[in-house]
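# Observations on the three-dimensional arrangement
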Amino acid sequence: MNYQKKTVVASVAGLTLEGMDIMFISFAMSMIIAEFHLDMATGGLISSITNLGMLFGGVIFGILADKFGRVKVFTYTVLLFAIGTALTGLAANVEQVYIFRFIAGLGAGGEYGIGMTLVAEAWPKKKQGRASSYVSIGAQFGVILAALLSAMILPTWGWRGLFFVGIVPVIFAFIVRKNLKESPEWLAASQEKRQAKKQGNISQLFANPRIAFTTAALALMATVQIAGYNGLMIWLPSILQKSQGLSVSGSALWTISTAVGMIAGMLTFGQIMDRLGMKKAYGIFLVASAIAVFMYSFATGAAGVLIGGAIVGFFSNGMFAGYGALISHYYPVEVRSTATNTIFNFGRALGGLSPILVGFILQHANVTVAMGYLAILYCVSFIAMISLRKGKADQHDTVNTFTQAV
């Protein structure tokens, strides 16, 4: 297996475990709410605190990865979110759940951007879209794995037993550390003292008005991506259990169907991005997402719920596949991990508030209003996307322009 394939395999595995961890909350939510006597908005805060941890972890570990190496820091982040997940199963009250989910978020936030950066630095620009899509599929493997484990573990061992599975990534961390070398591009950059001093500096994301605007626009797009994903995946299994009379196993089937749609969407999006360009790919999928999400609020019956879920997943989360390549395209190697982690995890933290708002909407309105809110978010992201300057220079020119600006 060559270095390119190794980076994809390691990043896919890491994102699979991260996706599994995040979806554990979705399936365990009703049990946690019942045990600690929480309302829906307070329950949604669990996911939001996890995303807040991801923001801090993304910034901290992104900077460390730019300074000390991708692989080394990557393994530390995997260990941290594995420990935080396992500790969640020992929580005696909701306050401890918040603390342990924040710890898990710290590790998960660092892991995502570093893995995406490794892939972006290993693959040529013309293939980064599809390579990034391969990695993003890992999150959906995690969703499917979480659904299967939840159906098997929750009825017998409860929500605590589900989180104890989170200790498994520890094994993965040791395998990666042993078999994956540092990015050649990072090694080359770190050898130059002038670049080394600039590695991992957040101020570089705002070096001049043009770069600052790009950073803000990308952060807004990432926020919408996470808000849409969390709004759909955190609450819809519980909604379907009530509105459609689905059991835990039935809602797991919906989750698997939606995840399959997401995987197909990611593979398609990666190909479209490489062939038509980033802006056209995002334009198509953002408009389709707004329409599909709103129309899904009118779906009825088992077939409509399953097919509609797959279609929504195809468009709304297919775009997730492009963020690693999209963000990496605008920033050079000495700050790439910092940029990817900071921007995307800012989106996670702010977009992570979506479950609270969706929970509030569901308590005071209905599903149609909640889905309308998500559809509006995709329209906002579309505006941010088209505001990005057209005709960007290739990566080599971007690096030179960036370095001169700093």
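Here the structure is a predicted model, which is why all the values come from computation and not from measurement. (Residues numbered from 1 in each chain as written. Predicted model: local features only at pLDDT ≥ 70, side-chain atom pairs only at ≥ 80, totals over all residues. Heavy atoms only, no water.)

Per-residue confidence for the protein chain averages 81 on the pLDDT scale, and 88% of its residues sit at or above 70. Ranking the elements of the protein chain by mean pLDDT puts helix 17 (residues 395-405) last, at 40, and helix 11 (residues 278-296) first, at 91. Counting interchain partners and residues more than four positions distant, the pLDDT-below-50 stretch residues 390-406 has 32 contacts. (pLDDT = per-residue confidence, 0-100. Helix = DSSP H or I, 4+ residues; strand = E, 2+ residues; numbered from the N terminus. Contact = heavy atoms within 4.5 Å.)

It is worth spelling out a nonpolar patch on the surface at this point. A contiguous nonpolar surface patch, about 490 Å² in accessible area, is contributed by Val-287, Ile-291, Phe-294, Met-295 and Phe-298. Along the chain, Val-287 turns up in helix 11. Of the residues examined, Val-287 reaches a relative accessible area of 39% and is grouped as partly exposed. (Patch = residues over 30% accessible without salt bridge, like charges linked within 9 Å, V, L, I, M, F, W, Y side chains within 5 Å. Areas by Shrake-Rupley, 256 points an atom, 1.4 Å probe, with all protein chains shown as cover. Salt bridge = Lys/Arg side-chain N within 4 Å of Asp/Glu carboxyl O. Buried < 20%, exposed > 50% of the residue type's maximum accessible area, 1.4 Å probe, protein only.)

With that settled, consider the packing of helix 1 (residues 3-36) against helix 4 (residues 94-122). Across the interface, helix 1 lies against helix 4 with an axial gap of 9 Å and an inter-helix angle of 160 degrees. Taken together, the axes of helix 1 and helix 4 lie roughly antiparallel to each other. As for the relative orientation of helix 1 and helix 4, their crossing is left-handed in sense. Along its contact with helix 1, which presents Tyr-3, Gln-4, Thr-7, Val-8, Ser-11, Gly-14, Leu-15, Glu-18, Asp-21, Ile-22, Ile-25 and Phe-36, the element helix 4 presents Val-94, Val-97, Arg-101, Ala-108, Glu-111, Tyr-112, Gly-115, Leu-118, Val-119 and Ala-122. Classifying every residue of the contact of helix 1 with helix 4 by side-chain character gives 13 nonpolar, five polar and four charged. (Axes fitted to C-alpha atoms, helices over the stretch in contact; angles between N-to-C directions. Parallel < 35°, antiparallel > 145°, perpendicular 65-115°, else oblique. Left-handed = near helix turned anticlockwise from the far one by under 90°. Nonpolar A, V, L, I, M, F, W, Y, C, P; charged D, E, K, R; others polar.)

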